[in-house]
Amino acid sequence: MSTIAANLQAVEATIGAACTSAGRARNEVQLLAVSKTFPAEAVVEAMAAGQRAFGENYLQEALDKMQEVARLQPATPVEWHFIGPIQSNKTRPIAAHFDWVHTVERLKIAQRLSEQRPPELGPLDICLQVNISGEASKSGAGEDELPELARQVAALPNLRLRGLMAIPERANDEAQQRAAFARLRALFDALRAQGMALDTLSMGMSGDLGAAIAEGATIVRVGSAIFGARNYE
Ligand SMILES: *Cc1c(COP(=O)(O)O)cnc(C)c1O
């Protein structure tokens, strides 16, 4: 078995155990394999082990990798998720080449993605990134601006608002880690209580996916636990 296949098995076991202890069904949580900085060959190895959803942060790297993956594995459909910061002059290729975008934090970016989404692809699935740690340096919409942003994004014709995403700052212990995820969950529940049809909580990475699943994550974004340590970013 390749290292990537073995790592995927170990991550699968972690997700399974977290679901069991949270009393959740395994199929409530999707594994997004974050392949940033790793080559197309690594993606193809993960595909051979059954993985189909991949997350990328850097646009040009992602576009090159998609092309190479399609060349190596033309018959296998793959889902690509953009999870990096978005510059407004880069929205067109994101709208054209990705299935999901997890990092929308401003209306202007959402409007551009909607205008630039090729109609034949159907709506682009969107998560709003929320700054739950409240630090000025972190990206994401502020909690107070979230309800209005969600309403505006949900009204855009070529997007489908699916839910919320966050990258909490590293916590010192499990309780603190869970509190940050619980915060995002509460914002998600509040939007749903207002009638928004959201179904996605994108939270949890290699180091904290158990805590995220305990607090209701429906997508965990896992990089290094699958592909290994990154040499650069
Ligand atoms: C890199 C990255 C991940 C994966 O992080 P790991 O710690 O390697 O699992 C998840 N989400 C986002 C937004 C990232 O940039």
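- With an unreviewed UniProt entry as reference, the protein is termed Pyridoxal phosphate homeostasis protein, source organism Massilia consociata.
- According to the UniProt record, the Function (unreviewed entry) comment for the protein reads "Pyridoxal 5'-phosphate (PLP)-binding protein, which is involved in PLP homeostasis."
- UniProt's Sequence similarities (unreviewed entry) comment on the protein is quoted here verbatim: "Belongs to the pyridoxal phosphate-binding protein YggS/PROSC family."

1. As for the pattern of salt bridges
Step number 1: Counted by the stated rule, this structure contains twelve salt bridges.
Step number 2: Two residues, Lys65 and Glu61, come together in a salt bridge whose shortest N-O distance is 2.7 Å. Here Glu61 and Lys65 lie together in helix α3 (residues 59-72), a separation of four residues that amounts to about one turn.
Step number 3: Looking at Lys65, the relative accessible area reads 5%, which means it is buried.

2. Looking at helix α6 (residues 146-154)
Step number 1: Along α6, the positions that sit buried rather than exposed are Leu146, Leu149, Ala150 and Val153. Take α6 and look down its axis: the buried residues cluster within an arc of 100 degrees, on one side only.
Step number 2: Elements that come into contact with the buried residues of α6 comprise α5 (107-116), β5 (124-129), β6 (159-165) and α7 (174-193).

3. Describing the site of the ligand
Step number 1: Around the ligand, the surrounding shell holds 13 residues, and the nearest of these are Lys36, Asn57, Ser206, Ser224 and Arg230.
Step number 2: Contact distances for the ligand include 2.9 Å between a nitrogen atom and a side-chain N or O atom of Arg221.
Step number 3: The fraction of the free accessible surface of the ligand (380 Å²) that becomes covered by protein chains is 90%.
Step number 4: When its residues are assigned to classes, the shell around the ligand shows six nonpolar, four polar and three charged.

4. Structural notes on the packing of aromatic side chains
Step number 1: Under the criterion given, the structure shown has three aromatic pairs.
Step number 2: Ring plane angle 40 degrees and centroid distance 5.8 Å describe the contact between Phe54 and Trp80, whose orientation is recorded as tilted. Taken together, the residues span a long stretch of sequence, with Phe54 in strand β2 (residues 53-56) and Trp80 in strand β3 (residues 79-82) at a distance of 26 residues.
Step number 3: For the ring pair Phe82 and Phe98, a centre distance of 5.2 Å and an interplane angle of 80 degrees mean the geometry is edge-to-face. With Phe82 in strand β3 and Phe98 in the loop between α4 (91-97) and β4 (100-104), this pair connects stretches of sequence that are 16 residues apart.
Step number 4: A relative accessible area of 1% means that Phe98 is categorised as buried.

5. Details of the pairing of β6
Step number 1: The buried fraction of β6 amounts to six of the seven residues, a majority that puts the element mostly inside the structure.
Step number 2: One ladder, built from three bridges, connects β6 with strand β7 (residues 200-202); its direction is parallel. Bridged to Met165 within β7 is Ser202.
Step number 3: Taking the sense of rotation as the criterion, the β-α-β connection linking β6, α7 and β7 turns out right-handed.

6. Let's talk about α5
Step number 1: When we look at burial in α5, the residues that qualify are Ile109, Ala110, Leu113, Ser114 and Gln116.
Step number 2: In the core, the buried residues of α5 are packed alongside α4, β4, β5, α6 and β6.

7. A look at the UniProt feature "modified residue: N6-(pyridoxal phosphate)lysine" (unreviewed entry) in the protein
Step number 1: Look at the UniProt record and you will see "modified residue: N6-(pyridoxal phosphate)lysine" (unreviewed entry) annotated at Lys36.
Step number 2: By the element assignment, Lys36 lies in the loop between β1 (30-34) and α2 (40-48).
Step number 3: The exposure class assigned to Lys36 is buried, which follows from its relative accessible area of 10%.

8. Focus on the packing of α2 against α3
Step number 1: Relative orientation of the contacting elements α2 and α3 amounts to 50 degrees, with a least axis distance of 9 Å. As summarised for this structure, α2 and α3 are arranged oblique, according to the angle between their axes. As for how α2 packs across α3, the hand of that crossing is right-handed. Contact residues: Ala40, Glu41, Val43, Val44 and Met47 in α2; Lys65, Glu68, Val69 and Leu72 in α3.
Step number 2: Looking at the contact of α2 with α3 residue by residue, the class counts come to six nonpolar, no polar and three charged.

Cut-offs and rules
- Residues numbered from 1 in each chain as written.
- Predicted model: local features only at pLDDT ≥ 70, side-chain atom pairs only at ≥ 80, totals over all residues.
- Heavy atoms only, no water.
- UniProt positions renumbered as here; feature names shortened; annotations may be inferred.
- Salt bridge = Lys/Arg side-chain N within 4 Å of Asp/Glu carboxyl O.
- Helix = DSSP H or I, 4+ residues; strand = E, 2+ residues; numbered from the N terminus.
- Buried < 20%, exposed > 50% of the residue type's maximum accessible area, 1.4 Å probe, protein only.
- Arc of directions from axis to C-beta.
- Contact = heavy atoms within 4.5 Å.
- Near = heavy atom within 4 Å.
- Polar contact = N/O pair within 3.5 Å; in protein donor to acceptor, adjacent residues only side chain to side chain.
- Areas by Shrake-Rupley, 256 points an atom, 1.4 Å probe, with all protein chains shown as cover.
- Nonpolar A, V, L, I, M, F, W, Y, C, P; charged D, E, K, R; others polar.
- Phe/Tyr/Trp six-rings, centres within 6.5 Å; stacked < 30°, edge-to-face > 60°.
- Pairing = 2+ DSSP bridges.
- Right-handed = clockwise from strand over helix to strand, strands pointing away.
- Axes fitted to C-alpha atoms, helices over the stretch in contact; angles between N-to-C directions.
- Parallel < 35°, antiparallel > 145°, perpendicular 65-115°, else oblique.
- Left-handed = near helix turned anticlockwise from the far one by under 90°.

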